[in-house]
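Letter by letter, the chains look like this.
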Amino acid sequence: MKYILVTGGVISGVGKGVIASSFGTLLKSCGLDVTSIKIDPYINIDAGTFSPYEHGEVYVLDDGAEVDLDLGNYERFLDVTLHRDNNITTGKIYKLVIEKERTGEYLGKTVQVVPHITDAIQEWVERVAQTPVQGSSKPQVCIVELGGTIGDIEGMPFVEAFRQFQFRVKRENFCLAHVSLVPLPKATGEPKTKPTQSSVRELRGCGLSPDLIVCRSEKPIGLEVKEKISNFCHVGPDQVICIHDLNSIYHVPLLMEQNGVIEYLNERLQLNIDMSKRTKCLQQWRDLARRTETVRREVCIAVVGKYTKFTDSYASVVKALQHAALAVNRKLELVFIESCLLEEETLQSEPSKYHKEWQKLCESDGILVPGGFGSRGMEGKIRACQWARENRKPWLGICLGLQAAVIEFARSKLGLKDANTTEIDPNTTNALVIDMPEHHTGQLGGTMRLGKRTTVFADGPSVIRQLYGNPKSVQERHRHRYEVNPKYVPRLEEQGMRFVGTDEDKTRMEIIELSGHPYFVATQYHPEYLSRPLKPSPPFLGLILASVDRLNQYIQRGCRLSPRQLSDASSDEEDSVVGLAGATKSLRSLKIPITPTNGISTGSSTSDEGVYLTNGTISTSDGEGACGGIELMNGYN
């Protein structure tokens, strides 16, 4: 087993998660099985009780673990399925050691940070590194990200543990990459290396010497700066890598590859990678990065949320929207709307903000209402649901978004003006959303309905089922404490709200659709957790397609994206394409030969179907997909 430890210096949030994910992407592209571990030095057992303003969103794994959002980066980059123990916290380690002490496993010895806590950390890492994360094959490389910054007091036991660990697993099996900030002050106009020098000095003082120094900067740094860092930080110039701010995170693995990271790791860790196959490495990533640069047409999605001041609060939602937009060749324009500003109280207190937020909502192409907890901003979400329903605006609700839509529909269509959720009004006479039996009052951590669970589709036609590929059921990840009250379901369905997905016992409502609406879909589960760059989540793909008025064509083609749907042609150009296709068909029916002009080729096919204009040529192929020639079947695997 090979280990790559990624640490950070100078500031937190320097990009360790993306760098760690990129290491894994590079190695996986070379045919190696890779796993990841995230270490969070806080005392919490897990991230489940955090406010989104603390560390961003809470990411949920298949087994129901509530973990740091960096594990979402690992899963998306590497397309693996991580587990609860892939996230280590100080709270978990101390809990484990204290439980052992209580059962007498230390035989009366004094339990101390060294060696008991540090040994527990090392044993945990070695055990989890052997756990398969893709199929049944054991990983060959484990990427370990140590959260926080070198020098933080809460991270010192982990630093000491890895100081010992490098000797435990031997030098040829352990590599340390230190990610540091190289600031560019406007006053001087030149990059400053002193913070990186201090950070590396602190790290070496703890007994760890970096093999690679990854410099994060606003702009590319020159050779002179790299040589200076090399001289003062005890590494070779080729071991200093600059990752400047890029348009897309998909460019990060490519930039690292250009800097010789694969060759260095191959030699340093004795990975025996066949370097003759380098040209085939990362081809999918190159295609993906290229498409992020060439997309021209935009799609504007309004996200009506409660935690919009910190975009990491909706990290997975944003990524899922980006995956779906890229699949249909659109550049995503996100507009975050604070839901409380859509409420009547804001009209009275701050009318300018009220009208500004409503204008942004009205001008968007589609609306998404994500999950959340608590009463703040709930009425704003309900009003956004009502506006989308009445104005036939494409709309997707997730978790609390579904509950808001149900409450709004009951108030408007059933005349239940006091319809509400018991989370907000425990004494409401019309509780459309109620507590679940799993909810334990007074204990919040780990008591929700969590993890991957099965949703069974109802019989009959359903847009969301078609987007999934017409299966009988799907498995998606959940994180909620409240559910739709089943006793109101028949009355809601009589008015046109269809509950097209339930749990296996058909008692819990999982998916709703609105009849006669271009796209009004909500899920109780969180589909964003399983979205991948080359496999966008079906509910998000449906929202983007409906927002660009392409959903019907997509479904008619058997849930495949045609070259025309993928093109960046404007509406006028598309009309000319249709006219050209019709003219071509007429000429063929008259058996008149078609002569290519102006560099336009008709190809060798004589089919009358599927004539589309893409990049200046007429294509007769129906097999072109969303991912650079890869056919995207149903948008989901």
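Just so it is clear, the structure is predicted and the values come from calculations on it, not from any experiment.

Engineer: What is the right way to read the sheet that holds strand 18 (residues 482–484) from this model?
Structural biologist: Consider a sheet: its strands pair through backbone hydrogen bonds, and that pairing is either parallel or antiparallel. Taken together, three strands build an open sheet; the order of strands is 14-15-18 and the sheet is mixed. At either margin of the open sheet sits one strand with a lone partner, and together these are strand 14 (420–421) and strand 18. Where strand 15 (residues 431–435) and strand 18 come together, three bridges link them in antiparallel fashion. By the bridge assignment, Ile434 is partnered in strand 18 with Glu483. Sitting on the sheet, helix 16 (residues 400–413) is in contact with strand 14, strand 15 and strand 18, with an inclination near 150° to strand 15.

Engineer: Whenever I open this one, unusual backbone geometry confuses me. Can you help?
Structural biologist: Negative phi characterises most residues that are not glycine, and trans characterises most peptide bonds. Omega for the bond connecting Val114 with Pro115 falls within 30 degrees of zero, at 20°, which places this linkage in the cis form. Mapped onto the secondary structure, Pro115 falls in helix 5 (residues 113–129). In this structure, Asn329 takes a positive phi of about 60° despite not being glycine. Structurally, Asn329 is set in the loop between helix 12 (315–327) and strand 11 (331–338). If you check the backbone angles, Cys399 has positive phi at about 60° while not being a glycine. Mapped onto the elements of the fold, Cys399 is located in the loop between strand 13 (395–398) and helix 16. A residue is classified by how much of its surface remains accessible, and Cys399, at 5% relative accessible area, is buried.

Engineer: How should I be thinking about the packing of helix 15 (residues 378–390) against helix 16 in this particular structure?
Structural biologist: The relative placement of two packed helices is expressed as an angle between their axes plus a distance between the axes. For the pair helix 15 and helix 16, the least separation of the axes is 8 Å and the interaxial angle reads 70°. Considering their axes alone, helix 15 and helix 16 lie roughly perpendicular with respect to each other. Pair helix 15 / helix 16 crosses with right-handed handedness. Residues Met378, Glu379, Lys381, Ile382, Cys385, Gln386 and Arg389 of helix 15 form the contact with helix 16, whose own contacting residues are Leu400, Gly401, Ala404, Ala405, Ile407, Glu408, Phe409, Arg411, Ser412 and Lys413. The residue makeup of the contact of helix 15 with helix 16, split by class, is eight nonpolar, three polar and six charged.

Engineer: What am I meant to see in the pairing of strand 21 (residues 520–523) here?
Structural biologist: Looking along a regular strand, one sees the side chains alternate between the two faces of the sheet. The alternating pattern of strand 21 places Phe520 and Ala522 and Val521 and Thr523 on opposite faces, both of which are buried. Bridge count for strand 13 against strand 21 is four bridges, and the pairing is parallel. Pairing of Gly397 across the sheet is with Ala522, part of strand 21. Here strand 20 (residues 509–514) pairs with strand 21 via three bridges, running antiparallel. Residue pairing in the sheet places Glu513 in a bridge with Val521 of strand 21.

Engineer: Help me understand the side chain of Gln197, please; the structure alone is not making it clear to me.
Structural biologist: Mapped onto the elements of the fold, Gln197 is located in helix 7 (residues 194–205). Each residue touching Gln197, except ones within four places of it in the same chain, is listed here: Lys228, Phe232 and Cys233.

Engineer: Would you explain the sheet that holds strand 8 (residues 212–217) in this entry?
Structural biologist: Pairing within the open sheet is parallel, and its seven strands lie in the order 5-2-6-1-7-8-9. Whereas interior strands pair on both sides, the edge strands pair on one side only; in this sheet they are strand 5 (87–89) and strand 9 (240–244). This sheet shows a mean twist of 20° between the axes of neighbouring strands, independent of strand direction. Sheet topology places strand 2 (residues 34–40) next to strand 6 (residues 141–146); six bridges connect them, and they run parallel. Residue pairing in the sheet places Ile39 in a bridge with Leu146 of strand 6.

Engineer: For this particular structure, what's the right way to read the pattern of salt bridges?
Structural biologist: If the charged atoms of two oppositely charged side chains come close together, the side chains can form a pair. Counting across every chain of the model gives 30 salt bridges. Between Arg477 and Asp62 there is a salt bridge, with its nearest N and O atoms 2.6 Å apart. With a gap of 415 residues between them, Arg477 in strand 17 (residues 473–480) and Asp62 in the loop between strand 3 (59–60) and strand 4 (66–67) connect regions that are remote in the sequence. With a closest N to O distance of 3.0 Å, Asp245 and Arg216 form a salt bridge. Here Asp245, found in the loop between strand 9 and helix 9 (252–258), pairs with Arg216, found in strand 8; they are 29 residues apart in sequence, far enough to count as distant. Arg216 sits in the buried class, given a relative accessible area of 19%. Three or more residues joined by partner-sharing salt bridges are found here, namely Asp62, Glu75, Asp79, Lys452, Arg477, Arg532 and Lys535.

Engineer: Can you help me understand helix 15 in this one?
Structural biologist: Since the α-helix turns once every 3.6 residues, residues separated by three or four places project in the same direction. Over its 13 residues, helix 15 extends 19 Å from the first C-alpha to the last, a length consistent with the 18 Å expected when each residue adds 1.5 Å. Within the sequence span of helix 15, burial applies to Met378, Gly380, Lys381, Ile382, Ala384, Cys385, Trp387, Ala388 and Arg389. Just downstream of helix 15 lies Arg392, where phi reads positive at about 55°.

Analysis parameters
- Residues numbered from 1 in each chain as written.
- Predicted model: local features only at pLDDT ≥ 70, side-chain atom pairs only at ≥ 80, totals over all residues.
- Heavy atoms only, no water.
- Pairing = 2+ DSSP bridges.
- Helix = DSSP H or I, 4+ residues; strand = E, 2+ residues; numbered from the N terminus.
- Contact = heavy atoms within 4.5 Å.
- Axes fitted to C-alpha atoms, helices over the stretch in contact; angles between N-to-C directions.
- Buried < 20%, exposed > 50% of the residue type's maximum accessible area, 1.4 Å probe, protein only.
- Parallel < 35°, antiparallel > 145°, perpendicular 65-115°, else oblique.
- Left-handed = near helix turned anticlockwise from the far one by under 90°.
- Nonpolar A, V, L, I, M, F, W, Y, C, P; charged D, E, K, R; others polar.
- Salt bridge = Lys/Arg side-chain N within 4 Å of Asp/Glu carboxyl O.
- Expected span 1.5 Å × (residues − 1).

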